[in-house]
Amino acid sequence: MTVLTAGRLSAERAVPSSIERPEYVGQIAPLPYRGPLVRDDETIAAMRIAGRIAAQALDAVEAAIAPGVTTDRLDEIGHTFLVDHGAYPSTLGYRGYPKSLCSSVNEVICHGIPDDRPLEDGDIVNIDITAFIGGVHGDTSKTYLVGDVDQESRLLVERTHEAMMRAIRAVKRGREVNVIGRVIESYARRFGYGVVRDFTGHGVGPAFHDGLVIPHCDDPTYDTVIEQGMTFTIEPMLTLGSVEWDLWEDGWTATTQDTSRTAQFEHTLLVTADGAEILTQS
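Below: a short report on this structure. (Residues numbered from 1 in each chain as written. Predicted model: local features only at pLDDT ≥ 70, side-chain atom pairs only at ≥ 80, totals over all residues. Heavy atoms only, no water.)

Some details on the overall build of the protein
Part 1: Each helix and strand in the protein was counted, giving four helices and 15 strands.
Part 2: Here the protein has a C-alpha radius of gyration of 18 Å; the compact-globule value for 282 residues is 19 Å, and the two agree.
Part 3: Each of the three principal axes of the protein carries a C-alpha extent, and together these read 50 × 45 × 30 Å.
Part 4: Burial statistics for the protein: of 282 residues in total, 54% are counted as buried.
Part 5: Taking the contacts inside the protein whose residues are at least 6 apart along the sequence as the reference set, 72% of them involve residues at least 24 apart.
Part 6: Summed over all atoms, the accessible surface of the protein reaches about 11800 Å², with 49% contributed by carbon and sulfur.
Part 7: Within the protein, one finds 24 positive and 42 negative side-chain charges whose respective centroids are separated by 5 Å. (Helix = DSSP H or I, 4+ residues; strand = E, 2+ residues; numbered from the N terminus. Rg over C-alpha atoms; globule rule 2.2 N^0.38 Å. Buried < 20%, exposed > 50% of the residue type's maximum accessible area, 1.4 Å probe, protein only. Contact = heavy atoms within 4.5 Å. Areas by Shrake-Rupley, 256 points an atom, 1.4 Å probe, with all protein chains shown as cover. Lys, Arg positive; Asp, Glu negative; His and termini not counted. Charge placed at Lys NZ, Arg CZ, Asp CG, Glu CD.)

Set out below in structure tokens:
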């Protein structure tokens, strides 16, 4: 398998002025979040809308994934869907990120920037997209198979999704957030997969990242108690090899140091009285 290299970027895509921007657009960094981690009913209702739009945007991108299609074209599709539905692409302008979604191919762990490289038969690609509408964000991602993918990569993708779903089922009010990482890591270790520690899930709502950290590994120092009304992402990143990573010169693209393949899935969740509701479903 060839090692991925950076392609050329297209110009920044325009967003109609009528669409509300997050406060960080045009700024070096977002303002610190000072609000509550438990959401009120109005915020939750808005997040259901944002989550559904993000999920539908992901479906629109999925329909175009095929060998020969560039990740820049996928970015265009996701961008167009979001703005056509009155949503701002949350990644666009977040800490200077130049595109409307992240496209992470093969050995890219996360935050790959869409460019003019065509997807190739046998690739895997994660698409991570977030919608900002109604003052809140809905964040989701999936890893897709491109054409005829080898069995080892197929299993990695299937099992990464299963790791996420097991972790979602483990979410219960009164438990510590470490239960999420413990479930993911115990499942992944059965197959010898690496579990990326340095990129985590996060609280999401009025802020894209509100300071709540959701680990994907078993680390008891993450002892925040899960409360009803919290909203956060679970987004495990599993690898076929090393979890050590390099960062490209673009400041965003993180790749496994041994170029082993990696997969990721992500949902935004609402903690309920008896578990978790997935908000990013179409």
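Next, the rest of the story.
Quick word on empty space enclosed by the protein
Part 1: By the definition in use, this model includes two cavities of 30 Å³ or more.
Part 2: Roughly 110 Å³ of volume is contained in the largest cavity.
Part 3: Taken together, 14 residues line the largest cavity, and the ones lying closest to its centre are L4, S103, V105, I113 and D115.
Part 4: Elements with a contribution of two residues or more to the lining of the second largest cavity: β3 (108-110) and β13 (262-264).
Part 5: The element best represented in the lining of the second largest cavity is β13, accounting for three residues. (1 Å grid on protein atoms, 1.4 Å probe; cavity = no way out; pocket = protein on both sides within 12 Å on 5 of 7 lines; lining within 4 Å. Points joined across faces, edges and corners; volume = space filled by probe spheres on them.)

Focus on the pairing of strand β2 (residues 102-105)
Part 1: Residue alternation in β2 divides its side chains into two sets, C102 and S104 and S103 and V105, and both sets are buried.
Part 2: Where β2 and strand β4 (residues 124-133) come together, four bridges link them in antiparallel fashion. Bridged to C102 within β4 is D128. (Pairing = 2+ DSSP bridges.)

Examining the layout of surface pockets
Part 1: Considered as a void within the structure, the largest pocket measures approximately 560 Å³ in volume.
Part 2: H111, F199, T200, H202 and H209 are the residues nearest the centre of the largest pocket, which is lined by 27 residues in total.
Part 3: Put simply, the parts of the chain that give the lining of the largest pocket at least two residues each are β4 and β7 (201-202).
Part 4: For the lining of the largest pocket, the per-class residue count stands at 11 nonpolar, 11 polar and five charged.
Part 5: Space inside the second largest pocket adds up to approximately 240 Å³.
Part 6: In terms of lining residues, the second largest pocket is bounded by 17 residues, among which E23, P30, L31, P206 and A207 are the most central. (Nonpolar A, V, L, I, M, F, W, Y, C, P; charged D, E, K, R; others polar.)

Some words on the packing of aromatic side chains
Part 1: Per the stated rule, a full pass over the model turns up seven aromatic pairs.
Part 2: An angle of 85 degrees between the planes, with centres 5.0 Å apart, marks the rings of Y24 and Y94 as edge-to-face. Note that Y24 is positioned in the segment before α1 (41-62) and Y94 in the loop between β1 (88-89) and β2, a separation of 70 residues in sequence. Residue Y24 shares its accessibility class with Y94, and that shared class is buried.
Part 3: Measuring from centroid to centroid gives 4.9 Å for F199 and W245, while their planes differ by 50 degrees, and the two rings are tilted. Taken together, the positions of F199 in the loop between β6 (194-195) and β7 and W245 in strand β11 (residues 245-247) put the pair 46 residues apart, joining distant regions of the chain.
Part 4: Look at F199 and you get buried, because its relative accessible area is 16%.
Part 5: Owing to a relative accessible area of 26%, W245 belongs among the partly exposed residues under this scheme.
Part 6: Here the aromatic cluster, defined as three or more aromatic residues joined through ring pairs, consists of Y24, Y94 and F208. (Phe/Tyr/Trp six-rings, centres within 6.5 Å; stacked < 30°, edge-to-face > 60°.)

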